[in-house]
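# Close look at the chain arrangement
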Amino acid sequence: MLLNKTSNAKRRQLVVGNWKMNGNQQLNAELLAKVVAGWQGEHRADVVVCPPSPYLLHTFERISGSSIQLGAQNVSQYEVGAYTGEVSAQMLAELHCKFVIIGHNERRRLQGETDEQVAQKFIAAQRANLIPILCVGESSAQRENGSHLDVIGAQLQSVCAHVGCDVFKQAVVAYEPVWAVGTGKTATPQQAEEVHCFIRAQLGEIGETVRILYGGSVKSSNAEQLFALPDIDGALLGGASLDAEEFLKICKAAD
Ligand code: 13P
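These figures come from a predicted structure and were not determined experimentally. (Residues numbered from 1 in each chain as written. Predicted model: local features only at pLDDT ≥ 70, side-chain atom pairs only at ≥ 80, totals over all residues. Heavy atoms only, no water.)

### A short note on the packing of aromatic side chains
Using the following cut-off: Pairs were defined over the aromatic rings of Phe, Tyr and Trp, the Trp ring being its six-membered one, requiring ring centres within 6.5 Å. Orientation was assigned from the angle between planes: stacked under 30 degrees, edge-to-face over 60, tilted for the rest. Here the term buried applies to any residue with accessible area under 20% of the maximum for its type, exposed to any over 50%, and partly exposed to those in between, with areas from a 1.4 Å probe on protein chains only. Working definition: helices are DSSP H or I runs of at least four residues, strands are E runs of at least two. Numbering for both runs from the N terminus.
Tallied over the full model, the rule gives three aromatic pairs. Seen from their ring centres, tyrosine 78 and tyrosine 83 are 3.9 Å apart, and the 5° between their planes marks the pair as stacked. Given the relative accessible area of 37%, tyrosine 78 is considered partly exposed. For the ring pair tyrosine 175 and tyrosine 214, a centre distance of 6.1 Å and an interplane angle of 65° mean the geometry is edge-to-face. Of this pair, tyrosine 175 sits in strand E6 (residues 172-175) while tyrosine 214 sits in strand E7 (residues 211-215), and the two are 39 residues apart along the sequence. No difference in accessibility class separates tyrosine 175 from tyrosine 214, as the two residues are buried.

### Here we look at the site of the ligand
Heads up, the rule is: Consider each residue's heavy atoms; a residue with any of them within 4 Å of a molecule or strand counts as near. By the criterion applied in these results, polar contacts are pairs of N or O atoms within 3.5 Å in which, for protein atoms, one can donate a hydrogen and the other can accept it, and in which residues neighboring in sequence qualify only through two side-chain atoms. Under this grouping Gly is polar, as are all residues other than the nonpolar Ala, Val, Leu, Ile, Met, Phe, Trp, Tyr, Cys and Pro and the charged Asp, Glu, Lys and Arg.
In the vicinity of the ligand there are 13 residues, among which Lys20, His104, Glu176, Gly182 and Ser217 approach most closely. Contact between the ligand and histidine 104: an oxygen atom at 2.8 Å from a side-chain N or O atom of the residue. One nitrogen or oxygen atom from the main chain of serine 217 is found 2.8 Å from an oxygen atom belonging to the ligand. Here the shell around the ligand is built from residues that sort into four nonpolar, seven polar and two charged.

### Looking at the confidence of the model for the chain
Any segment with low pLDDT has predicted coordinates that should not be analysed in fine detail. So the rule is basically this: Confidence scores labelled pLDDT are given residue by residue by the predictor and lie between 0 and 100. Only heavy atoms enter the contact rule, under which two residues are in contact if any of them lie within 4.5 Å.
In the predicted model, the chain carries a mean pLDDT of 94, and the fraction of residues at 70 or more is 96%. Segment residues 1-6 is flagged for pLDDT under 50; beyond a separation of four residues in sequence, or across chains, it makes 17 contacts in the model.

Encoded structure:
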């Protein structure tokens, strides 16, 4: 249950489960059966699950009839053509995706995605009417040398520079400090709130309405404290989204 959320009453809370490259058909079916059973009826918070692409349809079939929505973890910047192994935004839309995660730090770091590519993916997603969840965040070295806001500002500006900041009207931003992802270290409420406020300020008027999620070792034990902050509108979960009980506790904390 939310407390002290008067300043963001106009923003619906959102919890997104990024399964990353985990699961298989049987485990997914078991997880989704529990999540769907635990998330019946009407809710004030939105819930999205992002399975690996081969399981999108399988996941859609299991969540249909519930209010849980479908998202993908990545998208090609291209619309069509000779791009072996890539999946287009239109294909994701055909598979009933509503959201797509863009610029996750694992893709920036491990697949070498640049700010420019991330901006192109963002545009490709919106062209297919998908809602991009743009991930931004600093490394531990950048946090230690105090450049974290510059880094995050540049990640946002790379999108604004291509298409203007207005595109954030139909987007979600996720602040995921790299040092907090999968490490068990969570940003303190003060650290998260500072960055979320900064992101809003960067986006001007749209900053008032854009949903900004926090991601990085969110668990049921710290979710409520994070969600109580005025500028945090929900969470992007990794590990916690693979455990139905834990996932549902966090969704309920946002509800
Ligand atoms: P963890 O919740 O496992 O730290 O992962 C966060 C994340 O990367 C979600 O996209």
